[in-house]
Amino acid sequence: MQMEDQYLFIDGESVAAADGTTFDNHNPATGATICRVAYAGEADVARAVAAARKAQPAWAQLSGTERGRILRRAAELLRERTDEMARLESLDTGRPIQETPEADVGSGADCLEYFGSLAASIQGEYQDLGGAFYYTRREPLGVCAGIGAWNYPLQIACWKAAPALACGNALVFKPAELTPLTALRLAEILREAGLPDGLFNVVQGYADTGQALTAHPDIAKVSLTGEAGTGRAVMADAAATLKQVTMELGGKSPLIIFADADLDEAVSAAMMANFYSQGEICTNGTRVFVDQDIRDRFLERLRERTARLRLGDPLDAATEVGPLISPEHMQVVLDYIDRGRSEGAELLCGGERATDGELAAGSFVYPTIFSDCRDDMTIVREEIFGPVMSVLEFADEDEVIERANATRYGLAAGVFTRDLARGHRVAAAIEAGVCWINNYNVTPIEMPFGGVKLSGIGRENGTAAVDYYSQRKSVYVELTGVDCPYD
Ligand code: NDP
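Residues numbered from 1 in each chain as written. Predicted model: local features only at pLDDT ≥ 70, side-chain atom pairs only at ≥ 80, totals over all residues. Heavy atoms only, no water.

This part covers the overall build of the chain. Within the chain one finds 15 helices and 22 strands. Its C-alpha atoms give the chain a radius of gyration of 24 Å, within 12% of the compact-globule value 23 Å for 487 residues. When the backbone C-alpha atoms are referred to their principal axes, the chain occupies close to 80 × 60 × 40 Å. Relative to its full complement of 487 residues, the chain shows a buried share of 57%. The long-range share in the chain, meaning contacts at least 24 apart out of those at least 6 apart in sequence, stands at 73%. Total accessible area on the chain stands at roughly 19,800 Å², and carbon and sulfur atoms take up 48% of it. (Helix = DSSP H or I, 4+ residues; strand = E, 2+ residues; numbered from the N terminus. Rg over C-alpha atoms; globule rule 2.2 N^0.38 Å. Buried < 20%, exposed > 50% of the residue type's maximum accessible area, 1.4 Å probe, protein only. Contact = heavy atoms within 4.5 Å. Areas by Shrake-Rupley, 256 points an atom, 1.4 Å probe, with all protein chains shown as cover.)

Burial along strand β15 (residues 368-371) is two-sided: the residues T368 and F370 and I369 and S371 are all buried. The pairing of strand β14 (residues 346-349) with β15 spans 3 bridges and is antiparallel. Looking across to β15, one finds that L347 is bridged to F370. As paired strands, β15 and strand β16 (residues 388-394) are joined by 3 bridges and run parallel to one another. Counted as the bridge partner of I369 is M389 from β16. (Pairing = 2+ DSSP bridges.)

This brings us to the sheet that holds strand β22 (residues 470-478). In space, the 3 strands of this open sheet follow the order β5-β6-β22, with antiparallel pairing throughout. Taken across any chain shown, the strands that pair with only one partner, and hence form the sheet edges, are β5 (126-128) and β22. Taken over all neighbouring pairs, the strand axes of this sheet differ in orientation by 15° on average, direction set aside. Examined bridge by bridge, strand β6 (residues 132-140) and β22 share 9 bridges and lie antiparallel to one another. Note on β22: the bridge partner recorded for Y134 is Y476. (Axes fitted to C-alpha atoms, helices over the stretch in contact; angles between N-to-C directions.)

Okay, the side chain of T407 next. With respect to the helices and strands, T407 occurs in the loop between α13 (397-404) and β17 (409-410). Polar contacts involving the side chain of T407 include one to the main-chain amide nitrogen of Y409, which spans 3.0 Å. Excluding residues within four positions of it along the chain, T407 makes contact with K252, R287 and K453. (Polar contact = N/O pair within 3.5 Å; in protein donor to acceptor, adjacent residues only side chain to side chain.)

With that settled, consider helix α4 (residues 100-118). Between its first and last C-alpha atoms α4 spans 25 Å; for 19 residues at 1.5 Å apiece the expected length is 27 Å, and the two agree. At G106, α4 shows its maximal kink, close to 30°. Taken across its 19 residues, α4 has 14 buried, putting it largely inside the fold. (Expected span 1.5 Å × (residues − 1). Bend = angle between axes of the 7 residues up to and from the residue.)

Another point: the packing of aromatic side chains. In this structure the tally under the stated criterion is 10 aromatic pairs. For the ring pair W436 and Y440, a centre distance of 4.7 Å and an interplane angle of 50° mean the geometry is tilted. Within the aromatic cluster, the residues linked to one another by ring pairs are F23, Y39 and Y206. Lying across the ring of Y152, R95 places its NZ or CZ 3.7 Å from the centre. (Phe/Tyr/Trp six-rings, centres within 6.5 Å; stacked < 30°, edge-to-face > 60°. Lys NZ or Arg CZ within 6 Å of the ring centre and 35° of its normal.)

The next point concerns the site of the ligand. By nearness alone, 28 residues border the ligand, and G148, E177, T230, L249 and E383 come closest of all. Residue W150 places a side-chain N or O atom 2.8 Å away from an oxygen atom belonging to the ligand. At 2.6 Å from an oxygen atom of the ligand is found a side-chain nitrogen or oxygen belonging to E383. Protein burial of the ligand: of its 900 Å² of free accessible surface, 90% is covered by the chains. Elements with a contribution of two residues or more to the shell around the ligand: α7 (207-215), β10 (221-225) and α8 (228-239). (Near = heavy atom within 4 Å.)

Remember, this is a structural readout, not a statement about activity or role.
Quick look at the structure:
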């Protein structure tokens with residue numbers, strides 16, 4: 001499917017890049033070109049920031065109720081366009097159409113609705129001091145920049161836009177260059193919902209577009225979703241102008257399955273935590289620790305169900321596993337699989353590229369399970385971001401907690417057990433920003449989300465997000481006069 005050229009969205013309008021540069025966007029299932037996309041340079045970023053800066057003060061003057069109404073209307077409009085948006089997301093990311101209506105469009109709409117409802121309740125506090133009092137004003141930061149990863153482009157755009165706008169900020173958003181399509185539709189939707197021009201801008205491009213945003217002196221804050229290495233680079237650039245940052249970065253999360261767990265549920269969770277979205281999810285539980293007493297039964301069921309997963313065209317409703325995002329990324333994943341083999345892990349299933357029929361044109365890799373893994377193997381230590389699961393055995397609770405925490409990352413974790421006291425104990429002991437007990441990868445918009453260690457700084461979602469898109473101004477009011485020590 002060849003689409004018309006895609007533009008930038010600046011100050012309420014679709015515009016070409018100032019110097020006319022474009023890049024091509026490809027379909028990961030076929031390798032074909034989907035469309036040409038305008039490539040924003042420094043001049044375009046400057047234009048978007050200027051438009052945002054101009055529009056933001058009037059937006060901040062509106063009441064939270066008025067701002068919230070527009071976001072809630074945008075949620076309705078997004079839901080009305082579910083089919084179109086889900087198809088675009090599947091086309092662009094390669095993620096199966098089974099997933100995108102709920103996981104992307106539904107989740108994005110929930111976010112707009114949630115922060116649209118919360119906007120009216122964003123408030124400061126008051127305290128009596130005896131002869132004086134203070135109150136705090138919750139003020140917006142100004143113009144914020146959002147920089148997104150390619151795996152969940154629409155969801156990431158909503159997770160940044162909704163809280164930023166609810167708090168009275170303007171946002172300039174850069175999607176990953178591999179997935180430029182849906183952020184532009186979100187801009188149209190916000191405009192149709194009544195968002196004044198200049199408050200949500202989209203600048204498409206590569207890393208240099210993101211760098212221009214981070215460097216811009218009129219940007220107050222950068223919220224990045226990406227790899228830890230990119231996080232480091234963006235923080236270093238942001239330091240030059242002392243910008244605030246929120247960092248949603250990668251992970252190598254543990255999923256711990258105790259012997260008393262419901263085995264079928266645990267197998268389902270392990271599959272979802274590794275093969276949903278072809279494994280291209282930051283929170284994935286790629287280190288599956290299984291109690292040695294249930295190891296054989298667990299592996300047998302896991303292999304049998306994984307072998308049945310259907311690879312195919314992401315736009316086919318029967319497809320369960322789509323292509324990886326690009327040929328380059330597929331090669332990275334295949335190289336990791338080779339390392340797993342050469343370092344002595346036991347390949348249980350998958351382990352290669354899928355090339356049957358039409359799959360040969362895309363970047364398809366069979367869902368892969370390695371058993372008999374050791375903690376020091378490359379596949380167990382590094383984020384792969386593909387459908388590759390490492391299964392490790394453990395003997396007791398203290399041991400598995402120590403091994404689960406022996407990673408530089410700290411995004412998420414999962415615990416499967418019928419012993420709830422143990423579930424809470426393990427959740428408390430794990431070094432991660434999110435921990436699920438008897439489920440995995442569930443991210444309701446009400447729940448704060450983010451990582452510790454190399455997995456990030458700050459939180460998105462829930463009321464916690466308000467802290468990252470607003471600042472408190474303290475106002476002290478004297479009631480009894482200045483107590484002056486001088487004559
Ligand atoms: P990258 O870090 O490569 O890119 C993320 C974004 O940053 C892209 O828009 C990219 O542009 C841009 N970028 C790259 N370098 C710079 C720079 N120096 N300055 C400013 N912007 C820059 O991540 P991926 O897109 O490859 O996404 C996968 C990663 O994202 C994984 O590590 C995954 O775990 C993580 N992730 C984390 C999530 C979380 O919430 N914790 C959620 C989803 C993914 P471009 O791509 O156009 O070059």
